[in-house]
Amino acid sequence: MPISAPEDRRVAVSAPSRGRSRLVVAGAVCAAVALAPAIAGAQAVSAPAADAGVTLSAPAITGDQVSAPVAAPAADPVAAPVLSPFHQALAAAVGSDKVLAEFYQARDWKPLWTGMGDAGRRQAFFQAISTAADQGLPQERYDPRILAQAFRDVQTERDRGQLEARMSRTFLDWAHDVQTGVLRPASISSALVLTVPLRDPLKTIEAFASSDPAGYLAKLPPQMPQYRRLVKAKMDMERLIAAGGWGPTVPGRKLSPGDNGPDVVALRNRLIAMGYLGRTNAAGYDGQLQAAVQLFQEDHGLVPDGVAGPETLGQINDSAEDRLKSIVVALERLRWLNMPWGKRHVWVNEADFTARVVDDGKTTFETRAVIGRSQLDHQSPEFSDQIEFMVVNPYWNVPRSIATKEYLPQLQRNPNAVSYLQVVNAQGQVIDRNSVDFNQYTKNTFPFEMKQPPSSRNALGLVKFMFPNRWNIYLHDTPSKSLFSRNTRDFSHGCIRLNDPFDMAYTLLAPQTNDPKAVFKAALNTGKERTIMLKTPVPVHLTYFTAWPTPKGGMEYRRDVYGRDALIFEALQKAGVALDPLRG
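Procedures and definitions
- Residues numbered from 1 in each chain as written.
- Predicted model: local features only at pLDDT ≥ 70, side-chain atom pairs only at ≥ 80, totals over all residues.
- Heavy atoms only, no water.
- Helix = DSSP H or I, 4+ residues; strand = E, 2+ residues; numbered from the N terminus.
- Buried < 20%, exposed > 50% of the residue type's maximum accessible area, 1.4 Å probe, protein only.
- Contact = heavy atoms within 4.5 Å.
- Areas by Shrake-Rupley, 256 points an atom, 1.4 Å probe, with all protein chains shown as cover.
- Salt bridge = Lys/Arg side-chain N within 4 Å of Asp/Glu carboxyl O.
- Core = buried A, V, L, I, M, F, W, Y, C linked by side-chain atoms within 4.5 Å.
- Phe/Tyr/Trp six-rings, centres within 6.5 Å; stacked < 30°, edge-to-face > 60°.
- Lys NZ or Arg CZ within 6 Å of the ring centre and 35° of its normal.
- pLDDT = per-residue confidence, 0-100.
- Pairing = 2+ DSSP bridges.
- Axes fitted to C-alpha atoms, helices over the stretch in contact; angles between N-to-C directions.
- Parallel < 35°, antiparallel > 145°, perpendicular 65-115°, else oblique.
- Left-handed = near helix turned anticlockwise from the far one by under 90°.
- Nonpolar A, V, L, I, M, F, W, Y, C, P; charged D, E, K, R; others polar.

Draft legend 1. Structural view of the overall build of the protein. Helix and strand content of the protein: 16 helices and 18 strands. Expressed as a percentage of the 584 residues in the protein, the buried residues total 49%. Of all intrachain contacts in the protein linking residues separated by at least 6 positions in sequence, the fraction that spans at least 24 positions is 67%. Only carbon and sulfur atoms are counted for the fraction: they give 52% of the accessible area of the protein, which is about 26400 Å².

Written out as structure tokens, the structure reads:
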């Protein structure tokens, strides 16, 4: 049901009569607003019928009273103009708000919400904010029911001025939150270093004032299809939880094809409730059940072997409430990324341990990835940048933190330790290790750099993909290929290791050459460090999504390996976001 704002009515103050001022409503801006039942998950606010005039605590009207908007007294020829009570109240209410003060001054303090002709704008806004809970936003921050009551409570033109300011502030809060998120990422974790694409609030409200209200409000949330799919997934999950969820969990630690018994029946019933298996009375772990387990494993980033081992059962037993939390966090993360991702871009989902090249919304290349360890100082950060070039046969310039924390103690015990690394002085010369007493240095006074020459054993492998940044994070090859066979792949110092770096290089080079393999191989075969520039830099997004919608309407979930989702959800709760399954 559409949300109707209060009818376009104005508060009128009567002319003086018998020494008293009397208040009536002439089709008032403060008309009572009734709440209608929620439909499709949105609570609707409806206005009274057009002929439902409402008098607000007003004495009877006498013949000499005038039903007209409050006006300033006639100007004295030598006196300065006198602002009406509405203008005075509005000016006072926005006086400390630079954005709104500038906005209203530029429009000569004309109302945006409470004047004649503003009913459509109010209706569109109430409709928009009624979807807050559906989008995982704090409903109470901009609840249309509370605003409706504020319209009912208007008694004077001064009240109207204060309500005008309140509506504009609520609009700016809504626009900020639905566009770019409720939270500031850096306040959650030092690893969340992404730059949120904040909008200019003055330009936002100016554009809204001059646009079709419903059309403008519809474009405020992220427009990517993943956001709409997540909103639907959230509402579906709320309805599921309200209906009882997925039922009992599955006992045991491992179930395999051929097994029988009550644990297998519990597994079957759980997968039926999750939609992975059709109705069946089979009591054994048959081929159908094995196929259902494999489908579940594929959707959850597990090896699809069809065996319900500890890791698979652990995720099967995750509650619907926990999945709902993941969806809510994913919606907030997409608001942080509410910007063009690039017609071609590289998308790294750290929680999924994958890197993809995406062209026109479709994945054209995908490879497994290894991310940073779970310790906070080794976690892979989240941010966006642009890949500008690749370095073939790279030197590995050992980060100082690794050189002093990991390698200096080894050199102090044995100066010939880690012999595959060069120790280089300030002049760039490789030093003779036996000529140095490494025990005289600490991690703060160590005067050397360490680097590894190009080779197949180089820690960066044979190619790295560069998007220069202050965190010294990049994508690269690795000689440690065995790690890619694991489900959970958090082993690096923070950079993203790729399982198929050569294919990544060919894919990135393809738009600028007819033979990308030949170009890459020519640089590789020199055995020396070579740089290949990308003629068009490619946006790269290092992200972390534990819930992600598929184009066919399904959902994929991943473990919160860094514990970031838990921190974000806790912060969202403190900001007023609530899980309310009964709304579904």
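Now that the structure is up, let's keep going.
Draft legend 2. Structural detail: the pattern of salt bridges. Across all of its chains, the model carries 24 salt bridges by this definition. Where Arg-141 meets Asp-177, a salt bridge forms, and the shortest distance between an N and an O atom there is 2.7 Å. Placement of the pair is Arg-141 in the loop between α3 (119-129) and α4 (144-152) and Asp-177 in helix α5 (residues 157-180), with a sequence separation of 36 residues. In this structure Asp-177 comes out as buried when scored by relative accessible area, which is 3%.

Draft legend 3. Inspection of the nonpolar core at higher detail. Core analysis: the largest hydrophobic core is formed by 152 residues, its most contacted members being Phe-171, Trp-174, Leu-267, Leu-271 and Leu-475. The element best represented in this core is helix α12 (residues 320-336), accounting for nine residues. The residues contacting Leu-475, other than those within four sequence positions of it, are Val-346, Val-348, Ile-387, Lys-464, Phe-465, Phe-467, Ile-496, Leu-498, Met-504 and Leu-542.

Draft legend 4. Just the packing of aromatic side chains, in detail. A complete count under the given rule lists 25 aromatic pairs for this structure. By the ring-pair criterion, three or more aromatic residues cluster together here, those being Trp-113, Phe-125, Phe-171, Phe-208 and Tyr-216. When the ring centre of Phe-86 is taken as origin, the NZ or CZ atom of Arg-160, which lies over that ring, is 4.0 Å away. A cation sits over an aromatic face here: Lys-451 above Tyr-395, 5.2 Å from the ring centre.

Draft legend 5. Representation of the confidence of the model for the protein within the structure. Overall, the predicted model of the protein reaches an average pLDDT of 87, with 85% of residues at or above 70. Counting contacts from residues 1-78, a segment whose pLDDT is below 50, to residues more than four positions away or on other chains yields 179 contacts.

Draft legend 6. Spatial organisation of the sheet that holds strand β9 (residues 396-397). If you walk across this open sheet you meet the three strands as β9-β11-β10, and the pairing is antiparallel. Whereas interior strands pair on both sides, the edge strands pair on one side only; in this sheet they are β9 and β10 (422-424). Two elements, β10 and strand β11 (residues 449-452), share three bridges in a ladder whose sense is antiparallel. Within the sheet, the bridge partner assigned to Val-423 lies in β11 and is Met-450.

Draft legend 7. Summary view of the pairing of strand β16 (residues 530-543). Judged from the four bridges that link them, strand β5 (residues 344-349) and β16 form a sheet pairing that is parallel. By the bridge assignment, Val-346 is partnered in β16 with Val-540. Note that strand β8 (residues 383-392) and β16 share nine bridges and pair antiparallel. Looking at the pairing, Gln-386 lines up with Pro-539 of β16.

Draft legend 8. Expanded view of the environment of Met-235. Locating Met-235 in the fold gives a position in helix α8 (residues 225-242). Here Met-235 falls in the buried class, since its relative accessible area comes to 16%. Taking C-alpha positions, Met-235 is 9.0 Å from Gln-135, a pair spaced 100 residues apart along the chain.

Draft legend 9. Fine view of the packing of α4 against α5. Where α4 contacts α5, the axes come no closer than 11 Å and their chain directions differ by 165°. Classified by the angle between their axes, α4 and α5 sit roughly antiparallel to one another. Judged by the twist between their axes, the crossing of α4 over α5 is left-handed. Here Ile-146, Leu-147, Ala-150 and Phe-151 of α4 lie close against α5, whose contacting residues are Leu-163, Arg-166, Met-167 and Thr-170. When grouped by side-chain class, the residues that make up the contact of α4 with α5 number six nonpolar, one polar and one charged.

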